[in-house]
Every structure is written in C-alpha cells, then in structure tokens.
Amino acid sequence: QVQLVESGGGLVQAGGPLRLSCAASRSTSSLNAMGWYRQAPGKQRELVARITSFGRTNYAESVKGRFTISRDNAKNTVSLQMNSLKPEDTAVYYCNADWIGIDYWGKGTLVTVSS
C-alpha cells in the first residue's frame, strides 16, 4: 500500500505562487506515474499534472506554462509549483500515485485563489 499526504494548500491572491508537496510512505522510485489532480466545487476531478518514473511530464492545457511538477526520489516527494494563480484554479488538490497498477490517493489540500 501507499499513503500519500499533501501539504502546502491555502489562500493566495490571484497572480501569486503556491507550492504543494506530497509525501509518500513508499519509496517514490518504486512508483510508476505520480500526479496532481484537482476538483472544484460542482465539477469532476481532473488531471492537473503528471510525471512518470522516467521524469516525463504532461499538463492540463489550462495550467501549461504556469505549473511545474517535479519528483524527488531521495525525499519520496512529488511537488507542484503553481505560479500566476487564477481564481479558476481554486479547488481541492489531490496527490495520486500508481504502484503496480493500483491508484492511490491522498486526502487532498484546499487551494483558494482570491481575485
């Protein structure tokens, strides 16, 4: 099993930065893809960014150029640097990891962007 714990959420003004981190209970080098998803009120959960074990990344079109995902296998963490935040980025952000084909999720961290 894999436990994931997110941190770094909070309230930020539009245009500001925020960094989310996710700590994994298992060595991240043993995990396949890791990623960040988000769910805004009344909307479905959507992919924000994803990084494979080889370091290949992909992003939602809405965050390209503003968000950067990275993983640190030495610290067993995956992070999401969010810049130029917009009110529409407001959501609960969830960390996700794929271990031997099984998806694991964190409990989420709330990001609120004020206009």
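What counts as what
- What you see as residue numbers is a count from 1 along each chain, following the sequence as written.
- Side-chain atom pairs in this predicted model are given and counted only at pLDDT of 80 or more, local residue features only at pLDDT of at least 70, and totals for whole chains, interfaces and linings cover all residues.
- Note that water and hydrogens are dropped before the side-chain values are worked out from all heavy atoms of the structure.
- Pairs were defined over the aromatic rings of Phe, Tyr and Trp, the Trp ring being its six-membered one, requiring ring centres within 6.5 Å. Orientation was assigned from the angle between planes: stacked under 30 degrees, edge-to-face over 60, tilted for the rest.
- In this text, helices come from DSSP runs of H or I with a minimum length of four residues, and strands from runs of E with a minimum of two, each type numbered from the N-terminal end.
- Three exposure classes are used, based on accessible area relative to the maximum for each residue type with a 1.4 Å probe and protein chains only: buried under 20%, partly exposed in between, and exposed over 50%.
- Placement of a charge over a ring requires the Lys NZ or Arg CZ to be within 6 Å of the ring centre, with the centre-to-atom vector within 35 degrees of the ring normal.
- The criterion for a disulfide is a pair of cysteine sulfur atoms lying within 2.5 Å.

A few points about the packing of aromatic side chains
Logical step 1: All told, the structure shown has two aromatic pairs when counted by the stated rule.
Logical step 2: Ring geometry for Tyr37 versus Trp105: centroids 5.0 Å apart, planes at 70 degrees, classification edge-to-face. Here the residue Tyr37 occupies a position in strand β4 (residues 34-39), and Trp105 occupies one in strand β10 (residues 102-105), the gap between them amounting to 68 residues.
Logical step 3: The class of Trp105 is partly exposed, set by a relative accessible area of 35%.
Logical step 4: Here the guanidinium or amino end of Arg26 rests over the ring plane of Trp99, the centre of that ring lying 3.8 Å away.
Logical step 5: The positively charged end of Arg45 is found above the aromatic ring belonging to Tyr94, 3.7 Å away from the centroid.

Re the state of the cysteines
Logical step 1: Counted by the stated rule, this structure contains one disulfide.
Logical step 2: The partner cysteine of Cys22 in its disulfide is Cys95, sulfur to sulfur 2.1 Å. Here the disulfide of Cys22 and Cys95 is left-handed, its torsion about the S-S bond being about -85 degrees. Of the two residues, Cys22 sits in strand β3 (residues 18-24) while Cys95 sits in strand β9 (residues 91-99), which places them 73 residues apart along the sequence. Each member of the pair Cys22 and Cys95 is classed as buried.

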